[in-house]
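Observations on chain architecture
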Amino acid sequence: MMSCEEATRLMSEQQERPLKLREKAGLTMHTAICSGCREFGRQMHTLRDLIRRDYSATNDSDSELSDSDKK
Amino acid sequence: MDDLPVTDALTDDIDDLRRDMLAFARLQISDEHLAEDAVQEALEGALRNASSFSRKATLKTWVFSILRFKIADILRGRYREPVREACKDCAGDTDSYFDDSGHWQAGVTPRAWGRTDHLVADRQFWRVFDACLEALPPEQARVFMMREFIELDSREICEALELSTSNLHVLLHRARLRLRECLSASWFNEESER
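Re the overall build of chain B
Within chain B one finds seven helices and zero strands. Counted from the first residue to the last, chain B has its helices and strands arranged as α-α-α-α-α-α-α. Considering only contacts within chain B whose residues lie at least 6 apart along the sequence, 68% involve residues at least 24 apart.

This is the structure:
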């Protein structure tokens, strides 16, 4: 069984490159029994999602926002 | 400009904004002149159309998105800035998170953050986020921002910083561990206690 350090390393690298089949299998086995690493994985997705939405949300809805502000 | 009572307040706001932008730019471009040029160009471009932005929060985010593109241009261009000894203390750097067998230390094991959808619009959250980012070792903050805020890919970052892919991955892993821990301690725990 891989360690939590190794599991978090793979979850971080998953945001940089596709994991190999063997890495994926090991990670799946690890997160099945490790709630800490499951949360780590969720939080990594949350972080990326929050950062990208923070920028794109305002870019896409500038006109919308200023219109509703006038009311 | 006497007929504009908000002028002083607006000038203060822009000074604040400029300071934030410069801090953001300097994290990625240590060449002071290049960083200042990027900020100046982004700010000028944004202010030319400032009248169409009625909310300060919107203006700030909008200006930063322009700045982000300016920085990406600089970093994708000929600009090279090698990271020196990026992994000097890599070996012991995760000791505070993992025990000898590589498992989570008690007290830093990730716990659920709960709902996060509303955080995008929460300015207080982004202030805490910025503080956590600034608390990272500079080279970690830098690669994290290049990757997540400027959205350069691994290859582009490695080229700009003359860094190996494996070193980049190590730095990003460290950055994510620290940032997650800082946000958990400074924001999410507080929130659950409210």
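What to know about the domain arrangement of chain B
Residues and elements named next belong to chain B. When the domains of chain B are assigned, the result is domain 1 (1–79) and domain 2 (83–194). Of all the secondary structure elements, the ones that give two or more residues to the side of domain 1 that touches domain 2 are α1 (7–28) and α3 (56–76). Take the side of domain 1 that touches domain 2: its biggest share by element is six residues, from α3. Within the side of domain 1 that touches domain 2, the residues separate by chemical class into six nonpolar, one polar and two charged.

Brief notes about the confidence of the model for chain A
Within chain A, residue pLDDT values average 81, and 75% of them lie at 70 or more. The low-confidence segment residues 57–71 of chain A, where pLDDT is below 50, has 15 contacts with residues more than four positions distant or belonging to other chains.

Observations concerning helix α2 (residues 32–48) of chain B
Residue and element names in this part refer to chain B. Helix length check: α2, at 17 residues, gives a terminal C-alpha distance of 24 Å against a target of 24 Å (1.5 Å per residue), a fit within 8%. Of all the residues in α2, the buried ones are Ala35, Ala38, Val39, Ala42 and Ala46. Around the axis of α2, the buried residues are gathered within 95° of arc, so they sit on the same side. Facing away from the buried side of α2 by over 90 degrees, the exposed positions are Glu32, His33, Glu44 and Arg48.

Focus: the nonpolar core
Among the nonpolar cores identified, the biggest contains 44 residues, and Ala25, Ala38 and Leu67 of chain B are the most heavily contacted of them. The element that contributes the greatest number of residues to this core is helix α7 (residues 165–193) of chain B, accounting for nine residues. Once residues within four sequence positions are removed from consideration, alanine 25 of chain B is found in contact with Ala35, Ala38, Val39, Leu67 and Ile71 of chain B. In terms of nonpolar packing, the next biggest core, distinct from the first, is built from eleven residues, Cys4 and Phe40 of chain A together with Tyr97 and Leu177 of chain B among them.

Here we look at helix α1 (residues 4–13) of chain A
Residues separated by three or four positions in an α-helix point in the same direction, a consequence of the helix having 3.6 residues per turn. When you tally the buried positions in α1 of chain A, you get nine out of ten residues, the bulk of the element. Inspection of α1 of chain A places Cys4, Glu5, Ala7, Thr8, Arg9, Leu10, Met11, Ser12 and Glu13 of chain A among the buried residues, and these make up the whole buried set.

Here we look at the packing of α1 of chain A against helix α2 (residues 21–33) of chain A
Residue and element names in this part refer to chain A. In contact at an axis separation of 10 Å, α1 and α2 are set at 125° when each is read in the N-to-C sense. Taken together, the axes of α1 and α2 lie oblique to each other. Considering the relative orientation of α1 and α2, their crossing is left-handed. For the pair α1 and α2, the contacting residues are Ala7, Leu10 and Met11 in the first and Glu23, Leu27, His30 and Thr31 in the second. Residues of the contact of α1 with α2, tallied by class, amount to four nonpolar, two polar and one charged.

Digging into the environment of leucine 171 of chain B
Along the chain, leucine 171 of chain B falls in helix α7. C-alpha of leucine 171 of chain B to C-alpha of alanine 106 of chain B: the two residues are 65 residues apart in sequence and 23 Å apart in space.

Definitions and limits used
Residues numbered from 1 in each chain as written. Chains lettered and ligands numbered in written order. Predicted model: local features only at pLDDT ≥ 70, side-chain atom pairs only at ≥ 80, totals over all residues. Helix = DSSP H or I, 4+ residues; strand = E, 2+ residues; numbered from the N terminus. Contact = placed C-beta atoms within 7 Å. Domains from an automatic or database assignment. Nonpolar A, V, L, I, M, F, W, Y, C, P; charged D, E, K, R; others polar. pLDDT = per-residue confidence, 0-100. Expected span 1.5 Å × (residues − 1). Buried ≥ 20, exposed ≤ 12 C-beta atoms within 10 Å, placed from the backbone. Arc of directions from axis to C-beta. Core = buried A, V, L, I, M, F, W, Y, C linked by C-beta atoms within 7 Å. Axes fitted to C-alpha atoms, helices over the stretch in contact; angles between N-to-C directions. Parallel < 35°, antiparallel > 145°, perpendicular 65-115°, else oblique. Left-handed = near helix turned anticlockwise from the far one by under 90°.

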